[in-house]
Every structure is written in C-alpha cells, then in structure tokens.
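Commentary on secondary and tertiary structure
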Amino acid sequence: MDRLTETNQRSFALVDALLHLAEADGPAEHGPVDLAAIAHTAVAEQAAEAARSGVVVESLLEPARTAGNATLLAQVASNLVQNAVRHNPDEAGRVWVATGRGAAADRCVLRVENTGADHDGETVQRLREPFLRGAGRVSAGRTGPAGHGLGLALVDRIVLSHAGELGITSRSGSGLSVYATLPGE
C-alpha cells in the first residue's frame with residue numbers, strides 16, 4: 001500500500017509539473033512582483049530540508065521589481081532553491097540566493113548558486129532539457145527525494161514567457177550558478 005501511495009504521489013507531481021510547463025507557454029496575467037519577496041518565501045519553504053541535509057542557505061535579497069505572473073515566478077524561485085538544496089553534498093553544502101538589479105539598469109536578477117557536483121559545459125547546457133538531470137535521464141532506481149527532471153525545463157519556459165533569460169553556468173570548484181534575468185519595473 002505504501003508503494004502504491006508513493007507511486008501515485010509521484011504521478012500527481014509529474015502531471016502537475018507538466019501542466020505548469022504547458023501553462024507557462026500561454027499568456028499569463030501580469031502584475032507587479034518583487035523577486036526578493038518570492039525568493040524569501042522559497043528559502044523559507046526549503047529551510048527544513050536544508051537543515052536535515054546539513055546545507056547552509058544564505059540570502060542577500062535586495063529589491064528586484066518586475067512585471068509578471070506572481071504564481072509562475074514563485075514557481076521559478078521555488079524550483080531553483082529546491083534544486084540547489086537537493087543537489088548538494090550531504091555535509092557542509094552551501095546555497096546562496098540573491099536578488100537585485102542586473103548589470104543593465106532596466107533588468108532585475110534572481111540568482112541561486114550551490115556547492116555540489118562539478119558539471120562540464122555540455123552537461124550544464126543540457127540541464128534545461130525535460131526529463132534530464134545532471135547524471136543523465138531519469139531512472140527508476142534513483143534514491144533520495146523524488147523528481148522528474150522537469151524543474152529547470154519549467155523554469156526556462158516561465159522565464160522566457162516573461163521576456164527573460166535563464167543562465168546556467170558551472171561554478172568555479174563545484175556546483176552551479178543559475179540566474180533568471182527579467183525586465184525591471
């Protein structure tokens with residue numbers, strides 16, 4: 001019974017993620033959104049998992065106002081912070097979350113970085129593909145928190161639907177730096 005319940009929960013999560021991905025392609029209701037506020041909520045939502053995993057999360061959340069769909073942009077922040085916490089070493093892992101103005105004055109940025117596995121350039125460029133993780137395609141034998149390899153694909157679609165850009169780079173040493181650059185308000 002427990003296995004059936006777990007399988008059903010994963011199926012619901014997959015369908016929900018696919019629906020969000022499809023929704024991100026269509027027109028979204030836009031309004032004023034502060035990336036700092038949604039990033040703060042995402043960090044708070046992941047605090048318990050970070051503590052259990054021994055991952056330290058630091059944030060520097062400066063105002064970063066944009067126009068967009070608050071629900072979809074909250075999904076961006078949530079996915080990025082959750083990925084950064086989950087894909088981290090078991091001990092002494094670190095996550096940095098920052099918001100603020102971009103290099104161009106008319107842009108704002110949400111940046112999430114973590115320690116973790118070292119990824120080569122080819123793997124980094126493929127991380128936004130649906131059903132792909134850093135170690136390859138999703139497999140049934142995976143241990144740890146369930147995932148479907150849709151997080152960054154969903155984030156990419158949402159950011160694009162907001163006239164933004166998603167960047168993913170390998171950090172010097174280990175881990176990733178993922179940033180969403182959006183039009184500032």
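Residues numbered from 1 in each chain as written. Predicted model: local features only at pLDDT ≥ 70, side-chain atom pairs only at ≥ 80, totals over all residues. Heavy atoms only, no water.

**A word on the packing of helix 3 (residues 70-86) against helix 5 (residues 151-161)**
Put simply, helix 3 and helix 5 touch, their axes get as near as 9 Å, and they point 145° apart. When the axes of helix 3 and helix 5 are compared, the crossing they make is left-handed. Facing helix 3, whose interface residues are Leu 72, Leu 73, Gln 75, Val 76, Asn 79, Leu 80 and Asn 83, helix 5 presents Gly 151, Leu 152, Leu 154, Val 155, Ile 158 and Val 159. (Axes fitted to C-alpha atoms, helices over the stretch in contact; angles between N-to-C directions. Helix = DSSP H or I, 4+ residues; strand = E, 2+ residues; numbered from the N terminus. Left-handed = near helix turned anticlockwise from the far one by under 90°. Contact = heavy atoms within 4.5 Å.)

**Regarding the sheet that holds strand 9 (residues 176-183)**
For sheets, the rule is that strands pair by backbone hydrogen bonds, running either parallel or antiparallel. Taken in spatial order, the five strands make up an open sheet running 2-4-5-9-8, and their pairing is mixed. Edge positions in the sheet fall to strand 2 (55-61) and strand 8 (165-170), since each of these pairs with one other strand and no more. The sheet shows a mean angle of 10° between the axes of neighbouring strands, direction not considered. Strand direction decides the pairing type here: strand 8 and strand 9, joined by six bridges, are antiparallel. Directly across from Leu 166, in strand 9, lies its bridge partner Ala 180. Seen against the sheet, helix 2 (residues 35-53) touches strand 2, strand 4 (93-101), strand 5 (107-114) and strand 9 and runs at an angle of roughly 170° to strand 2. With respect to the sheet, helix 3 is in contact with strand 2, strand 4, strand 5 and strand 9, its orientation differing from that of strand 5 by roughly 25°. (Pairing = 2+ DSSP bridges.)

**As for the confidence of the model for the chain**
A low pLDDT score tells you not to read the predicted coordinates there in detail. Per-residue confidence for the chain gives a mean pLDDT of 81, with 77% of residues at or over 70. Considering only residues more than four positions removed or in separate chains, one finds that residues 134-146, a stretch of pLDDT under 50, has 21 contacts. (pLDDT = per-residue confidence, 0-100.)

**Description of unusual backbone geometry**
The phi dihedral of Ala 163 is positive, around 60°, even though this residue is not glycine. If you trace the backbone, Ala 163 turns up in the loop between helix 5 and strand 8. Classification of Ala 163 by relative accessible area gives exposed; the value is 53%. (Buried < 20%, exposed > 50% of the residue type's maximum accessible area, 1.4 Å probe, protein only.)

**Description of the pattern of salt bridges**
Inspection of the entire model under this criterion finds four salt bridges. For Glu 58, the salt bridge goes to Arg 94, with nearest N and O atoms at 1.9 Å. In this pair, Glu 58 is assigned in strand 2 and Arg 94 in strand 4, connecting sequence segments 36 residues apart. Exposure remark for Glu 58: the relative accessible area of 33% places this residue in the partly exposed category. The partly exposed category is assigned to Arg 94, whose relative accessible area is 30%. With a closest N to O distance of 3.1 Å, Arg 171 and Glu 113 form a salt bridge. With Arg 171 in the loop between strand 8 and strand 9 and Glu 113 in strand 5, this pair connects stretches of sequence that are 58 residues apart. (Salt bridge = Lys/Arg side-chain N within 4 Å of Asp/Glu carboxyl O.)

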